[in-house]
Amino acid sequence: MNPKTFADRLREDRRLVLLRLLSEQLGYRANSSQLHAGLHHLAVAATKDDVMTDLHWLKDQGLVRVHEPVEGVLAAELTSRGHEVATGAAMVPGVSRPSPR
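Residues numbered from 1 in each chain as written. Predicted model: local features only at pLDDT ≥ 70, side-chain atom pairs only at ≥ 80, totals over all residues. Heavy atoms only, no water.

(A) Here's a closer look at the pattern of salt bridges. If you walk through the whole model with that rule in mind, you get 6 salt bridges. Residues aspartate 60 and lysine 59 are paired through a salt bridge, measuring 3.8 Å at the closest nitrogen-oxygen approach. Each of Arg14, Arg15 and Asp54 takes part in salt bridges that share partners, so that together they form one network. (Salt bridge = Lys/Arg side-chain N within 4 Å of Asp/Glu carboxyl O.)

(B) Summary view of the nonpolar core. Ranked by size, the top nonpolar core spans 25 residues in total, and within it Leu19, Leu35, Leu55, Leu58 and Val95 carry the most contacts. For this core, the elements supplying multiple residues, two or more each, are helix 1 (6–23), helix 2 (32–41), helix 3 (48–60), strand 2 (64–70), strand 3 (73–78) and helix 4 (80–87). Element by element, the count of residues in this core is highest for helix 1, at 6 residues. Once residues within four sequence positions are removed from consideration, valine 95 is found in contact with Glu12, Arg15, Leu16, Leu19, Trp57, Leu58, Leu63 and Val85. (Core = buried A, V, L, I, M, F, W, Y, C linked by side-chain atoms within 4.5 Å. Buried < 20%, exposed > 50% of the residue type's maximum accessible area, 1.4 Å probe, protein only. Helix = DSSP H or I, 4+ residues; strand = E, 2+ residues; numbered from the N terminus. Contact = heavy atoms within 4.5 Å.)

(C) Structural detail: the packing of aromatic side chains. What the rule picks out here adds up to 0 aromatic pairs. Directly above the aromatic system of tryptophan 57 lies the positively charged group of arginine 15, at a separation of 3.7 Å from the ring centroid. (Phe/Tyr/Trp six-rings, centres within 6.5 Å; stacked < 30°, edge-to-face > 60°. Lys NZ or Arg CZ within 6 Å of the ring centre and 35° of its normal.)

(D) Geometry of the sheet that holds strand 2. Strand order in the open sheet formed by 3 strands is 1-3-2, and the pairing between neighbours is antiparallel. Strands with a single pairing partner mark the edges of an open sheet, and in this sheet they are strand 1 (29–31) and strand 2. Averaged over all pairs of adjacent strands, the angle between their axes in this sheet comes to 20°, without regard to strand direction. Sheet analysis places strand 2 next to strand 3, joined by 5 bridges and oriented antiparallel. Across the sheet, residue valine 70 finds its bridge partner in strand 3, namely valine 73. Contacts between helix 1 and the sheet are confined to strand 1, strand 2 and strand 3, with strand 3 contributing the most and set at about 75° to the helix. (Pairing = 2+ DSSP bridges. Axes fitted to C-alpha atoms, helices over the stretch in contact; angles between N-to-C directions.)

Quick look at the structure:
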């Protein structure tokens, strides 16, 4: 078994933060620009491309639904499974598990 790299851990943490940001939004949805700003506000280093890539990955895991209302901007909506992962009720490899609150 290969140990996780620092970059792997950062990516997993960033994905958790994206899920948590969505869980705090009215309607459990936000666009990729808002999510990028939220990451920046929380001092989570990420490019806009990182956000887009992570949102597609989270979609593939069934944690969010995404669509592209405007070219280059994704709209993301948290699924019930994504909410379970954001709160620590479920685990998905590739997403950090939140600490107890």
